Amino acid sequence: MTWRVTGLLAALLLGSPLAHSQSSCSSDGQPAPTALLERFINANCESCWVDPATPIAAPGVLAMDWIVPGSQGEDAALAPAANSDALMRLTELNHAPPKTQSSQITTVSGLPGATLRVAHGPAVSGYLGASIELTLPPGVQVATPLQAWLVMVETLPQAYENSPVPRNLARNVLQPSWKMRDPLQNTEQINYKELRPMNIPQGARPERLRVVGWVQDAVGRVLLAAESTCPPEDKQ
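Rules of the game
- Residues numbered from 1 in each chain as written.
- Predicted model: local features only at pLDDT ≥ 70, side-chain atom pairs only at ≥ 80, totals over all residues.
- Heavy atoms only, no water.
- Salt bridge = Lys/Arg side-chain N within 4 Å of Asp/Glu carboxyl O.
- Buried < 20%, exposed > 50% of the residue type's maximum accessible area, 1.4 Å probe, protein only.
- Pairing = 2+ DSSP bridges.
- Helix = DSSP H or I, 4+ residues; strand = E, 2+ residues; numbered from the N terminus.
- Core = buried A, V, L, I, M, F, W, Y, C linked by side-chain atoms within 4.5 Å.
- Contact = heavy atoms within 4.5 Å.
- 1 Å grid on protein atoms, 1.4 Å probe; cavity = no way out; pocket = protein on both sides within 12 Å on 5 of 7 lines; lining within 4 Å.
- Points joined across faces, edges and corners; volume = space filled by probe spheres on them.
- Nonpolar A, V, L, I, M, F, W, Y, C, P; charged D, E, K, R; others polar.
- Phe/Tyr/Trp six-rings, centres within 6.5 Å; stacked < 30°, edge-to-face > 60°.
- Lys NZ or Arg CZ within 6 Å of the ring centre and 35° of its normal.

Asks: Honestly, the pattern of salt bridges in this entry has me stumped. Any pointers?
Replies: Any two side chains of opposite charge can pair if their charged atoms end up close together. Summed over all chains, the structure comprises ten salt bridges. Across the pair R205 and E207 runs a salt bridge, and its minimum N-O distance is 2.6 Å. Residue classification places R205 among the partly exposed residues on the basis of a relative accessible area of 42%. Relative accessible area serves as the criterion here: at 33%, E207 is assigned to the partly exposed category. Salt bridges linked by common partners bring R39, D65 and R167 together as one network.

Next comes the structure, spelled out in structure tokens:
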């Protein structure tokens, strides 16, 4: 799918004088995750956030945290961080919503020679411009449709609100589906890309936001994953 980059969208991804001082962040130069560790917490379960038995991500594993809407609705202890996208993700994994908490590890199978890139710009007017891009090596094709997941996460350090582990709290999700091949000019490579503004939910702190992403094939197998990092801010 081709998107025309408007002035706002360009500012969201590349930065503008109105944006937060942080520059564009991407997965460039970062090791690709070998697996996904997804932790799901029912919003009713306040003690689950501080549970010392919370699974810890091994080296090379990308950890994510989903707060699942609970039966108590807005009165649930963790309701401000609850996200209906968590229900969508559980459906994708064929898992029922947990009454307390659960976790899932998914291996990244890999796609030799292919690259997955995720990136985002500074926060502008309550939005974060974000992108996900899959590039296949010359002469290689894959069966479509491919399902991409681009997740805005708020990165929280260990001990935040007494959490026993660092967390990447899912805040917003995009799910582009790639059904058509889009060859790049003057090459035999095939490239799929999505660039969108993502709404920053109330309560999320822009300076803690980044994006993670992965691509699944038609049977749900995760082929590639990536996560963005941000360069140190210029203090001058």
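Read on, since the account is not over.
Asks: What should I look at first to understand the sheet that holds strand β5 (residues 115-124) in this one?
Replies: Pairing between sheet strands relies on hydrogen bonds along the backbone, with the strands arranged either parallel or antiparallel. Spatially, β1-β5-β6-β10 is the arrangement adopted by the four strands of the open sheet, whose pairing is antiparallel. Single-partner strands in this sheet number two, and they are β1 (25-26) and β10 (191-199).

Asks: Hey, could you run me through the nonpolar core in this one?
Replies: One recurring pattern in soluble globular proteins is that nonpolar side chains are buried together. Judged by nonpolar contacts, the single largest core of 27 residues is most densely connected at L134, L150 and W178. Listing elements by their share of this core, those giving two or more residues are β5, β6 (127-135), β7 (146-156), β10, β11 (209-216) and β12 (222-227). For L134, the contacting residues outside a window of four places in its chain are A114, T115, L116, L146, W178, I190, N191, Y192, V215 and L224. Listed in part, the 19 residues of the second largest apolar core include L36, L62, V153 and V212.

Asks: I keep staring at the layout of surface pockets and nothing clicks. Help me out?
Replies: Considered as a void within the structure, the largest pocket measures approximately 410 Å³ in volume. Around the largest pocket, the lining comprises 16 residues; the ones closest to its centre are W49, L78, A81, Y160 and E161. Looking at the lining of the largest pocket, the elements with two or more residues in it are β7 and β8 (167-174). Residue composition of the lining of the largest pocket, by class: nine nonpolar, two polar and five charged.

Asks: So what exactly am I meant to see when it comes to the packing of aromatic side chains here?
Replies: Two aromatic rings are characterised by how far apart their centres lie and by the angle between their planes. If you walk through the whole model with that rule in mind, you get three aromatic pairs. Centroid distance W149 to W214: 5.6 Å. Interplanar angle 10 degrees. Geometry classified as stacked. Of this pair, W149 sits in strand β7 while W214 sits in strand β11, placing them 65 residues apart in sequence. Here W149 matches W214 in class, with each residue buried. A centroid spacing of 5.6 Å and a plane angle of 20 degrees characterise the contact between W178 and Y192, whose relative ring orientation is stacked. Placement of the pair is W178 in strand β9 (residues 177-178) and Y192 in strand β10, with a sequence separation of 14 residues. Residues W178 and Y192 agree in their burial class; the two are buried. A cation over an aromatic ring shows up here: R89 above the ring of W149, its NZ or CZ 4.8 Å from the ring centre. Above the face of the W49 ring, R167 is positioned so that its terminal group lies 4.3 Å from the ring centre.

Asks: When you look at unusual backbone geometry in this model, what are you seeing that I'm missing?
Replies: With the exception of glycine, the majority of residues adopt a negative phi angle, and the majority of peptide bonds are in the trans configuration. With an omega of 15 degrees, the peptide bond between T144 and P145 qualifies as cis. By the secondary structure assignment, P145 is in the loop between β6 and β7. The phi dihedral of A159 is positive, around 85 degrees, even though this residue is not glycine. One non-glycine residue, E161, lies in the positive phi region at around 50 degrees. With respect to the helices and strands, the residue E161 is situated in the loop between β7 and β8.

Geometric descriptors of this kind do not, in isolation, establish any biological role.
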